[in-house]
Amino acid sequence: MKSKLLTPWFWYKLWADIKNFFNPRQKWLTKKIPNYWCDKDELIRIVIFECLVNFVDGEKCFEVICWGEDEEDFKHYGENWQQVVQEKQEEKTKIIKCYDYITKQRSQLVIELNKAYPEFNIDDLFHTQLKQSYLETYGEVNRIEALIKKLDNETLSTILELRERLWT
């Protein structure tokens, strides 16, 4: 009976595990995953958004993939090559829209959200009388949070739809 330690696969796997421990793969993603506790749905959002940002910035998808600018590349699709070009251009537009939301719009909304919180004084914590109702105090915060959640969900669904069309 052959020992498990003598198989080449054992040594290869051991070497790969040690190497990957000291030099992990997907560093662009591991830098974005927080070191503190967060909900799984928030972690899923972070991972999917960062995958799209890496697809655009890291993999340079607009330089590598043909998006229909040169129609000669699509003539081999047959009679419906114009429809394929139109679909590719729509996909590119959706990717740009999602990318702009993730990199620009969302960060602005988070800044607005942080500014919308009322000023907090520790002395106010011990006073029982409220100056304003909850809706008056946190109405803008609730509105911005709802807007972020709505736009996040729309962007996530668009990315997952694109994933089905581009990578299958």
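Scroll up to find the structure.
Because the structure is predicted, anything quoted here is derived from the model rather than measured. (Residues numbered from 1 in each chain as written. Predicted model: local features only at pLDDT ≥ 70, side-chain atom pairs only at ≥ 80, totals over all residues. Heavy atoms only, no water.)

Inspection of the secondary structure puts Val-53 in helix 3 (residues 40–58). Linking Val-53 and Asp-100, residues 47 residues apart in sequence, is a C-alpha distance of 9.5 Å. Contact partners of Val-53, with chain neighbours within four places excluded, come to Gly-58, Tyr-99, Ile-102 and Thr-103. (Helix = DSSP H or I, 4+ residues; strand = E, 2+ residues; numbered from the N terminus. Contact = heavy atoms within 4.5 Å.)

This part is about the packing of helix 3 against helix 5 (residues 81–116). At a minimum axis distance of 10 Å, the contact between helix 3 and helix 5 shows a crossing angle of 115°. What the angle tells us is that helix 3 and helix 5 run roughly perpendicular. Read as a crossing pair, helix 3 and helix 5 show a hand that is left-handed. The residues of helix 5 that touch helix 3, namely those facing Arg-45, Phe-49, Leu-52, Val-53, Phe-55, Val-56 and Asp-57, are Ile-95, Cys-98, Tyr-99, Tyr-101, Ile-102, Thr-103 and Arg-106. (Axes fitted to C-alpha atoms, helices over the stretch in contact; angles between N-to-C directions. Parallel < 35°, antiparallel > 145°, perpendicular 65-115°, else oblique. Left-handed = near helix turned anticlockwise from the far one by under 90°.)

This brings us to a nonpolar patch on the surface. A grouping of Trp-11, Leu-14, Ile-18, Phe-21 and Phe-22 is seen on the molecular surface, where their side chains present a nonpolar patch of about 590 Å² in accessible area. Counting through the fold element by element, Phe-22 comes out in helix 1 (residues 8–22). (Patch = residues over 30% accessible without salt bridge, like charges linked within 9 Å, V, L, I, M, F, W, Y side chains within 5 Å. Areas by Shrake-Rupley, 256 points an atom, 1.4 Å probe, with all protein chains shown as cover. Salt bridge = Lys/Arg side-chain N within 4 Å of Asp/Glu carboxyl O.)

Taken together, the side chains of Lys-19, Arg-25, Lys-27, Lys-31 and Lys-32 define a basic patch exposed on the protein surface. You can see Lys-31 is positioned in the loop between helix 2 (27–30) and helix 3. Residue Lys-31 is classed as exposed on the basis of its relative accessible area of 69%. (Lys, Arg positive; Asp, Glu negative; His and termini not counted. Charge placed at Lys NZ, Arg CZ, Asp CG, Glu CD. Buried < 20%, exposed > 50% of the residue type's maximum accessible area, 1.4 Å probe, protein only.)

By themselves, these are just geometric observations and shouldn't be taken as functional.
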